[in-house]
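If you want the building blocks of each chain, they are given just below.
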Amino acid sequence: MILDIPAVLTPAQLAEARALLAAAEWVDGKTTAGHQATKVKDNLQIPATHPAARQVGEMILRALAQNPLFIAAALPLHILPPMFNRYTGGQQFGSHVDGSIRQVPGTGHRIRTDLSCTLFFADPADYDGGELVIEDTYGAKNVKLPAGHLVLYPATSLHHVTPVTRGARMCSFFWIQSMIRDDGKRALLFDLDQGIQRVGATQPDNPAVVQLTGVYHNLLRQWAEM
Ligand code: NI
């Protein structure tokens, strides 16, 4: 499932984040790439230990913790600290699959990357190119979202970022270990959750809402890994 989560950050948060990131020092993105990705990666990143990365990262994680659509779709168990990248002057990132296991910086803890996230900071009108192209079962999907929106997609997908030929593309990217490892099961739970919400909104006293909520939780109980 590839999902657009709109308005993760408010306009005020976006402005604050952009100012902090613009003032940070950016380094070659190859420093955090694995062997395979190094050959195709051409962008800039902020070092994970940089105060701006930590500050904006915490802002993103706080916003996501209060976002019901994100929680329902990702069913997160662990979220890696958000990282930041910038593409300009023809920079791009060729086709690759994200690494399956990542160490949480500064800890011995490792997480399995079930879901990849990209949060867009730049207005799409302010740059050309820079589309995130995700290979899905039914073909490629081109993603270029409004500032403040986030795309959630299976980390198993091949993906690439097309060259940025005008302006600058600035994003946050990070990974999630979900309580539900399987993308198909997670999509099924998400559909069930959204259906229950829709019935509940129009028929709050319908006993089927309680029954279906029971089904949701009993499936989650069977499938969740903690
Ligand atoms: Ni990637």
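Residues numbered from 1 in each chain as written. Predicted model: local features only at pLDDT ≥ 70, side-chain atom pairs only at ≥ 80, totals over all residues. Heavy atoms only, no water.

1. Quick notes on the coordination of the nickel ion
The coordination sphere of the nickel ion contains the protein donors H96 (NE2), D98 (OD) and H159 (NE2), at a distance range of 2.1 Å. All donors of the nickel ion belong to a single chain; written as a sequence motif, their spacing is H-x1-D-x60-H. Residue D98 is found in the loop between strand 7 (92–96) and strand 8 (101–103), and its partner H159 is found in strand 15 (residues 159–161); the two are separated by 61 residues along the sequence. The same class applies to D98 and to H159, which are both buried. (Donors = N, O, S within 2.8 Å, 3.2 Å for Na, K, Ca; no water. Helix = DSSP H or I, 4+ residues; strand = E, 2+ residues; numbered from the N terminus. Buried < 20%, exposed > 50% of the residue type's maximum accessible area, 1.4 Å probe, protein only.)

2. Quick look at the domain arrangement of the chain
Looking at the assigned domains, one finds that the chain contains domain 1 (3–178) and domain 2 (183–223). Taking only C-alpha atoms into account, the centre of domain 1 sits 30 Å from that of domain 2. Across the boundary between the two partners, domain 1 contributes ten residues, which contact eight residues of domain 2. When domain 1 packs against domain 2, close to 630 Å² is buried across both sides, 69% of that on carbon and sulfur atoms. If you look at where domain 1 meets domain 2, you find zero salt bridges. Joining domain 1 to domain 2, the criterion identifies one residue pair in polar contact (both at pLDDT 80 or more). Considering every element that reaches the side of domain 1 that touches domain 2, the biggest residue donor is helix 4 (residues 68–74), with four residues. In terms of residue class, the side of domain 1 that touches domain 2 is made up of eight nonpolar, one polar and one charged. (Domains from an automatic or database assignment. Contact = heavy atoms within 4.5 Å. Buried area = accessible area lost by both parts, 1.4 Å probe. Salt bridge = Lys/Arg side-chain N within 4 Å of Asp/Glu carboxyl O. Polar contact = N/O pair within 3.5 Å; in protein donor to acceptor, adjacent residues only side chain to side chain. Nonpolar A, V, L, I, M, F, W, Y, C, P; charged D, E, K, R; others polar.)

3. Digging into unusual backbone geometry
Positive phi values are uncommon outside glycine, yet A7 reaches one of about 45°. As for its placement among the helices and strands, A7 is situated in the loop between strand 1 (3–5) and helix 1 (11–22). Owing to a relative accessible area of 53%, A7 belongs among the exposed residues under this scheme. Of note in this structure, L75 is not a glycine but carries a positive phi near 40°. For L75, the position within the fold is in the loop between helix 4 and strand 5 (76–79).

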